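Listed below, chain by chain, are the residues.
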Amino acid sequence: MVFNHLVTSIIVSTITIAVILLIRRLFSKQLSAKWQYNLWFLLLIALTLPFIPKQWIHFKNPFLIFYINQSNKGGDSSIGTTEGFKLSNVNWMQDFTMPVNHLNLKFLNVGLTSMWIAGMFVMAVLFLHAWCKLRKIKKTTTVLNNKDVLHLFERCKHELKIAKPLIVGESSLVKSPMTFGLFKTYVVLPEHLDEWMSMKDIEYIFMHELHHYKYKDIATNYLMIIYQILYWFNPLVWIAFNKMRLDREIACDMAVLKSLDEHCHTDYGNAIINFAAIASHSKDFALANQFNGPKVQMKKRIEKIASFTIESKWMKLKSIAIFTLIGVFVAGQVPFISAMATTNDRYDFNNEDTHYEDLSSHFDGYDGSFVLYDMEAGQYSIYNEDKSTLRVSPNSTYKMYSALIGLESDAITSDKSTMKWTGTKYPYASWNTDQNLSTAMKNSVSWYFQELDERIPRETTQAYVDLMGYGNNDLTGGSDYWLESSLKISPVEQVQLLLAFHTNQFGFEDKNIRTVKDSLILEGHDGYRLSGKTGTGNVNGKDINGWFIGYVEAKDNTYFFATNIQNEDNSYGSKAAEITLSILKDKGIY
C-alpha cells in the first residue's frame, strides 16, 4: 500500500534528519566543515532506501532465538490404506466465521496516492520553471571580452587540475556568479563584473565556483531536486536541504582557503563581504551553485572563514569516526524498511516444474486462484499465476497450525484439549457449548482458538510461525491477527505448508501431527480420503475472502490443494470448497 510506503519514508527521513542535526550540534567541534557537509550524503542514502525494490533489501533477523526444539524427530509420513474407507463429516461445508470491522483504507490509500502524485507534479512544474530560467540565462550568456579575466579563469582551472572545457561568460540576468549545467557546464558572471571588482576578487570567485564543479556539486543539485519532489510533504527534508546547501558553501569556502596562502585568507573573506555589499541577492536557483546568498548564510560563511584552521589528522580521524557511526545508523534502518515493505508482500515463487492452466470456468463471478501439488509427480498445477502468489489473510485455515502450536507447546494435549464455554452467545449453536480440539476444528470455533492462542506466549507462537515459514510471519495485528489482519499467506505457500505439515518436515511430535491430521478429516469414499479446512473472511458484514485448503490421500499418491476466492461479497469457504471439488472431480482426483 502507498500508505505504508509514505509512513516508511516519513519515519526514515524524519529520524535520519533528527539524528544528523543532533550529531552536528553535539560534535560540532569534532567535525570539520567538509565532513559536516558529507553527513548529508548519508541522508540522501536514507531517503533512497524506501524506494529501493524490497527484494534487494529483504532482511531476515539472524539473531532470532527460537523457544522450541527444532531437531528432526523423524515424522511418520506413511499413509495407511484407505481401501474401503467410508466416512463423512456432514458439517464441513458449513460456513463459520467471526466478522471483523475495518475502516475502508482503500479510499485513504487512493486519496494519499493522489495527493502525493499531485504534490510531485506541482513540484516538478516549479523545478521545470527554474530550469527554463536557467535556459534563458544560458541563451543570454555572452563570451567575456576581457582577455585577462579569461586567462585568469584558465589559470584557476589549471591550479585545480580541471582539464574539461568549461564555458565562462556573463549575463545581464544574473546578480551573483553561478555554476550550472550537468553535461555542458557554465560559469556565468554578472555583466561587467570586471569593472567593479578587482582581479584578485574575481580570482577568488573563480576558485570558489570551480571547487563546486570539482566536487560534483552540480550533480548533487539534481539529486536534491529529485528528493525534494519525492518528499515534498516533509518540511524537515526542506530544512535539511537548506542546511546542506549552507554546509556546501562553507565546505567550498574551506577548500578555497586550503588552496590559498595563509596571508590571502583575510582577502578571500573581504572579497565575499565586498561582493555581498555591492550585489543584491538574487532568487535561489536550485539547479545552480551561487556565490552570493541570503544575509544569514553570508554571515555564517564569514564566521567560518574567520575561524578557519587547517584540518589536523586527529580532526580528520574524529570526523571519519562520527561519519561512520551515522552510516551504521542509516544501514541499521534497513531491517525496519524491509519489514514495512513486506507487510503485504507477494510470495516469490519460482518452480520450473509448474503447469499453468485455465480453470476460469470454475470461478464464474470470482477473482481467485487454485494451486495443486501432485506429490508423486512432484509437479504444481496453478490457475491464475498472479493471485496464486498474492498473500491474503488465512482466516480459519490458520486454525490447524494454531492447534499444532498448542499441542507442541503443551497448552493442550490430544487427551486434554477441552475448554469451557464462558456463556457468551455466538451466532452458531455449535459454538455455545464446551469444546475440545476435534469439535472446535469441525465447527471452526473461533473462540476456542483465540483462547488457545492466549495460553501461549506470543514470542513462542512467533517462533513456531517463523519456523514453519507461515506466509509473512506477521503477528502484530492483535489477538485476531489471522482474521483479516496482519498475518497473510498465498495459495502457493498454503500448499507448500500442507506438504511440509503432512510429511512433518518441521520435526514436530508425531502424535501431535497425527492429532491435527485426524481433526482435518472431512470425508472419504472408494479408497480416497479428503482432509482440509475452510476459511471465510468477513469484513464489515461482507464475505470478501474464501479459502479451502487440504489434501486428498489415495492408495499410492497424495494431492495437496489450496483454493482462494475473493469478491466484494459472497466469497466464503463453502463456495471455495465447491469450486475445489468440481476441479478435483474433473481431474479424476476425487
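It should be emphasised that the depicted structure is a prediction, and the values quoted were computed from it without experimental measurement.

A. Quick peek at the confidence of the model for the protein chain. For the protein chain, per-residue confidence averages 87 on the pLDDT scale, and 88% of positions sit at 70 or higher. A low-confidence stretch, residues 59-88 stays under pLDDT 50, and its non-local contacts, those more than four residues away or across chains, total 51 contacts.

B. A look at the pattern of salt bridges. Enumeration over the complete set of coordinates arrives at 15 salt bridges. We note a salt bridge from Lys200 to Glu203, for which the minimum N-O separation is 3.4 Å. With Lys200 and Glu203 both in helix H6 (residues 199-214), this residue pair falls 3 residues apart, about one helical turn. Two residues, Arg455 and Glu451, come together in a salt bridge whose shortest N-O distance is 3.5 Å. A residue pair is termed a helical-turn pair when its members lie 3 or 4 positions apart in one helix, as Arg455 and Glu451 do in helix H16 (residues 446-455) at 4 residues.

C. Local environment of the layout of surface pockets. The computed volume of the second largest pocket comes to approximately 1,200 Å³. Ser32, Ala33, Lys34, Ile250 and Met254 are the residues nearest the centre of the second largest pocket, which is lined by 41 residues in total. At the level of secondary structure, the elements contributing two or more residues to the lining of the second largest pocket comprise helix H1 (2-26), helix H2 (33-48), H6, helix H8 (235-259), helix H10 (295-306) and helix H11 (313-331). Here the element with the most residues in the lining of the second largest pocket is H8; it accounts for 11 residues. When its residues are assigned to classes, the lining of the second largest pocket shows 17 nonpolar, 9 polar and 15 charged.

D. Structural context of the side chain of Ser369. You can see Ser369 is positioned in strand E8 (residues 367-374). The buried category is assigned to Ser369, whose relative accessible area is 1%. Side-chain polar atoms of Ser369 contact the backbone nitrogen of Ser388, separated by 3.5 Å. Not counting residues within four places of it along the chain, the set of residues in contact with Ser369 comprises Phe363, Tyr383, Asn384, Lys387, Ser388, Pro491, Ala562, Thr563 and Asn564.

E. Broad picture of the packing of helix H14 (residues 399-408) against helix H19 (residues 510-520). The interhelical angle for the contact between H14 and H19, taken along N-to-C directions, is 150°, at an axis separation of 9 Å. In terms of orientation, H14 and H19 fall into the roughly antiparallel class. Crossing geometry of H14 relative to H19 is assigned as right-handed. From H14, Met400, Ala403, Leu404, Leu407 and Glu408 reach across to H19, where they touch Asn512, Ile513, Thr515, Val516 and Leu520. For the contact of H14 with H19, the per-class residue count stands at 7 nonpolar, 2 polar and 1 charged.

F. Spotlight on helix H18 (residues 491-502). With 12 residues, H18 ought to run about 16 Å at 1.5 Å a step, and its terminal C-alpha atoms sit 16 Å apart, in line with that. Turning to H18, its buried residues are Pro491, Val492, Glu493, Gln494, Val495, Leu497, Leu498, Leu499, Ala500, Phe501 and His502. Phi for Asn504, located one or two positions after H18, is positive at around 50°.

G. Just the environment of Met244, in detail. With respect to the helices, strands and loops of the structure, Met244 is situated in helix H8. In this structure Met244 comes out as buried when scored by relative accessible area, which is 1%. When the C-alpha positions of Met244 and Leu39 are compared, they lie 8.9 Å apart, and in sequence the two are 205 residues distant. Beyond its immediate sequence surroundings of up to four residues, Met244 is in contact with Tyr37, Trp40, Phe41, Leu44, Thr220 and Met224.

H. Region of interest: the sheet that holds strand E5 (residues 186-190). A sheet is described by the order of its strands in space; here 5 strands give the open sequence E2-E3-E5-E4-E6, paired in mixed fashion. Strand pairing shows two members of the sheet lacking a second neighbour, strand E2 (142-143) and strand E6 (289-290), which therefore form its edges. Bridge count between strand E4 (residues 178-180) and E5: 3 bridges; the pairing is antiparallel. Residue pairing for E5: Phe180 is matched across the bridge by Tyr186. Contacting strand E3 (167-171), E4, E5 and E6, H6 crosses the sheet at an angle of about 150° to E5.

I. How the structure looks around a positive patch on the surface. Residues Arg25, Lys243, Lys300 and Lys304 make up a contiguous surface patch of positive charge. Assignment of secondary structure puts Lys243 in helix H8.

J. Fine view of the packing of aromatic side chains. A complete count under the given rule lists 28 aromatic pairs for this structure. Through a chain of ring-to-ring contacts, the aromatic side chains of Tyr398, Tyr401, Tyr470, Tyr481, Trp482 and Phe501 assemble into a single cluster.

K. Spotlight on the environment of Glu484. On the secondary structure map, Glu484 appears in the loop between helix H17 (458-468) and H18. When its relative accessible area of 13% is taken as the criterion, Glu484 is described as buried. Here the alpha-carbon distance between Glu484 and Thr536, two residues 52 residues apart in the chain, equals 9.3 Å. Among the polar contacts listed, one links the side chain of Glu484 to the side chain of Asn395, at a separation of 2.9 Å.

Criteria and cut-off values
- Residues numbered from 1 in each chain as written.
- Predicted model: local features only at pLDDT ≥ 70, side-chain atom pairs only at ≥ 80, totals over all residues.
- Heavy atoms only, no water.
- pLDDT = per-residue confidence, 0-100.
- Contact = heavy atoms within 4.5 Å.
- Salt bridge = Lys/Arg side-chain N within 4 Å of Asp/Glu carboxyl O.
- Helix = DSSP H or I, 4+ residues; strand = E, 2+ residues; numbered from the N terminus.
- 1 Å grid on protein atoms, 1.4 Å probe; cavity = no way out; pocket = protein on both sides within 12 Å on 5 of 7 lines; lining within 4 Å.
- Points joined across faces, edges and corners; volume = space filled by probe spheres on them.
- Nonpolar A, V, L, I, M, F, W, Y, C, P; charged D, E, K, R; others polar.
- Buried < 20%, exposed > 50% of the residue type's maximum accessible area, 1.4 Å probe, protein only.
- Polar contact = N/O pair within 3.5 Å; in protein donor to acceptor, adjacent residues only side chain to side chain.
- Axes fitted to C-alpha atoms, helices over the stretch in contact; angles between N-to-C directions.
- Parallel < 35°, antiparallel > 145°, perpendicular 65-115°, else oblique.
- Left-handed = near helix turned anticlockwise from the far one by under 90°.
- Expected span 1.5 Å × (residues − 1).
- Pairing = 2+ DSSP bridges.
- Patch = residues over 30% accessible without salt bridge, like charges linked within 9 Å, V, L, I, M, F, W, Y side chains within 5 Å.
- Areas by Shrake-Rupley, 256 points an atom, 1.4 Å probe, with all protein chains shown as cover.
- Lys, Arg positive; Asp, Glu negative; His and termini not counted.
- Charge placed at Lys NZ, Arg CZ, Asp CG, Glu CD.
- Phe/Tyr/Trp six-rings, centres within 6.5 Å; stacked < 30°, edge-to-face > 60°.

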